[in-house]
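Remarks on the overall topology
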Amino acid sequence: MTKRLIVSIWALTVSLAVYCVSGFVVADEGPVIISYQDNFKAFASSDFVGRLTALPEWEPFFEVFTQTCDKAIDKELSLENLQLRLPEPVAKDLRNFLESGISTKTGIESVFQHLEAVIFKLQADFDDDEIDENLQDLTDLLQGRKRDLELDFDGLLAFIIDVNPRSYLSFLKYFRERTDYQFLRNEPNGDFILKFDFEFYARDIEFCCAGIKLNTGRYVLLFSDDDQIVQYCHAFKNGRYAKIDTTQPKKELILEETCFLFLDRQLKRARINSNGTEFFGKIKKVTAKLHDVGGVSQLEITAAMRTGEDARAVRDLLTGLLAFAQLNANDNSPERGLLQAVQIDTAGTNVSVTAKLDNPELWKLIAKGLQQATEKIKNR
């Protein structure tokens with residue numbers, strides 16, 4: 001039952017993604033802007049998740065949240081609404097699936113059971129003017145100013161799972177073979193590579209997806225473009241991604257120098273050159289990592305600056321802001337105790353902020369937040 005459920009979820013997810021997403025374009029030559037790795041299944045056994053689910057406030061929140069999601073999904077994804085957005089066969093199949101007993105709770109539990117890791121990499125050539133246009137599109141989208149966004153970034157999106165992606169190919173019935181899609185590779189009971197090229201609501205959509213089996217009995221469902229997807233398949237089978245460690249409880253986000261050069265350029269174009277903004281041009285890299293150290297979950301944010309002087313200046317700025325926040329907190333408040341647990345250090349050109357997530361004051365705040373969120377959801 002669980003396997004059938006996750007297969008159905010993924011099949012419909014891929015089906016909807018094909019209709020709604022513009023596509024992923026991969027070029028392994030450009031510099032990386034953003035990379036992200038989430039060891040999804042391993043993180044479920046982390047110290048942080050263990051402490052969270054042990055809180056008395058967690059279960060009431062989770063139940064109210066998932067039940068509210070079920071009601072909202074049932075309302076928003078009515079057959080009438082779906083038919084306005086999707087072709088009729090897709091709308092009817094999705095509606096039948098929603099009425100088959102699936103719920104937000106079982107869906108979340110199934111994903112945690114079968115999804116091992118998510119790997120994302122966004123690339124672009126900073127010398128190309130298009131990087132400004134593409135990242136500006138993302139900025140506009142996040143600010144709610146842009147409705148029609150076409151993603152033309154170079155990059156990779158991969159899901160490491162324990163279900164054969166070939167099981168998801170039932171969604172191909174919604175497409176015309178050799179017109180809307182074609183197989184670039186289709187090994188019997190083995191790996192496959194699919195290329196999609198079709199028009200939907202006057203938008204040209206083109207991208208590739210692949211399903212590959214790893215030697216460990218796991219599988220990868222990945223998205224990229226036809227120029228590089230074969231190389232990425234090889235990278236997961238025998239290359240650099242074949243040795244990637246997904247066993248440690250970890251979430252890691254890396255913002256590369258290119259990202260900050262873009263921000264610095266945009267601020268200068270907007271003629272915003274105050275002392276509070278020009279530091280973007282001094283950052284080479286920022287890494288945010290949530291992982292377990294000595295059995296305790298820890299959040300680390302490290303910025304690699306251009307010089308040691310820049311690193312020390314950022315440390316002094318953050319230390320001052322932290323001290324100011326402590327002064328404005330009540331002596332016995334949880335916030336004050338939490339702020340005192342934050343450490344700020346420098347090493348060469350790096351400045352880091354570290355906080356262990358075992359602080360009792362932090363968990364008092366989380367418990368309070370869960371309780372307040374539960375009440376707000378109930379009262380909506």
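Residues numbered from 1 in each chain as written. Predicted model: local features only at pLDDT ≥ 70, side-chain atom pairs only at ≥ 80, totals over all residues. Heavy atoms only, no water.

Digging into the packing of helix H3 (residues 47–54) against helix H13 (residues 360–379)
What counts, and what does not: Fitted lines through C-alpha atoms give the axes, limited to the stretch in contact for helices. The angle between two N-to-C directions lies from 0 to 180 degrees. Strands are runs of DSSP state E lasting at least 2 residues, helices are runs of H or I lasting at least 4, and numbering of each runs from the N terminus. What sets the label is the angle itself: under 35 degrees gives roughly parallel, over 145 gives roughly antiparallel, 65 to 115 gives roughly perpendicular, and the rest give oblique. In a left-handed crossing the near helix is turned counterclockwise from the far helix by less than a right angle, and in a right-handed crossing that turn is clockwise. Throughout, a contact is declared for two residues whenever any of their heavy atoms are within 4.5 Å. Nonpolar residues are Ala, Val, Leu, Ile, Met, Phe, Trp, Tyr, Cys and Pro. Charged residues are Asp, Glu, Lys and Arg, and all others, Gly as well, are polar.
Put simply, H3 and H13 touch, their axes get as near as 11 Å, and they point 50° apart. One element, H3, and the other, H13, form an angle in the oblique class. The element H3 and its partner H13 pack so that their crossing is right-handed. Across from Phe 48, Arg 51 and Leu 52 in H3, the residues of H13 making contact are Trp 363, Ile 366 and Leu 370. Residues of the contact of H3 with H13, tallied by class, amount to five nonpolar, no polar and one charged.

Some words on the confidence of the model for the protein chain
Defined as follows: As a per-residue quantity, pLDDT reports the predictor's confidence and falls between 0 and 100.
Confidence in the prediction for the protein chain averages 82 pLDDT; 82% of positions are at 70 or higher. Mean pLDDT values for the elements of the protein chain range from 40 in helix H1 (residues 2–20) up to 97 in H3. Residue range residues 146–152 is modelled with pLDDT below 50. Its contacts to residues more than four positions away, or to other chains, number 17 contacts.

Looking at the side chain of Thr 354
Applicable threshold: Between buried and exposed lies partly exposed: a residue is buried under 20% and exposed over 50% of the maximum accessible area for its type, with that area taken using a 1.4 Å probe on protein chains only.
Here Thr 354 lies in strand S12 (residues 350–356). On the accessibility criterion, Thr 354 (16% relative accessible area) is buried. If near-sequence neighbours (up to four positions away) are discounted, Thr 354 is found in contact with Gln 298, Leu 299, Glu 300, Ala 341, Val 342 and Gln 343.

Some remarks on the sheet that holds strand S11 (residues 343–347)
Our working definition: Following DSSP output, two strands are said to pair if at least two bridges run between them.
Pairing is antiparallel in the open sheet, where twelve strands are placed in the order S4-S5-S6-S7-S3-S2-S1-S8-S9-S10-S12-S11. Two strands close off the open sheet at either side, each with one partner strand: strand S4 (181–186) and S11. On average, each strand axis in the sheet is inclined to that of its neighbour by 10°, with strand direction left out of account. Judged from the seven bridges that link them, strand S8 (residues 250–256) and strand S9 (residues 283–293) form a sheet pairing that is antiparallel. The partner of Ile 254 across the bridge, within S9, is Thr 287. In the packing of helix H9 (residues 229–237) onto the sheet, the strands contacted are strand S2 (115–123), strand S3 (154–161), S4, strand S5 (192–200), strand S6 (203–213) and strand S7 (219–224), and the crossing angle to S6 comes to about 25°.

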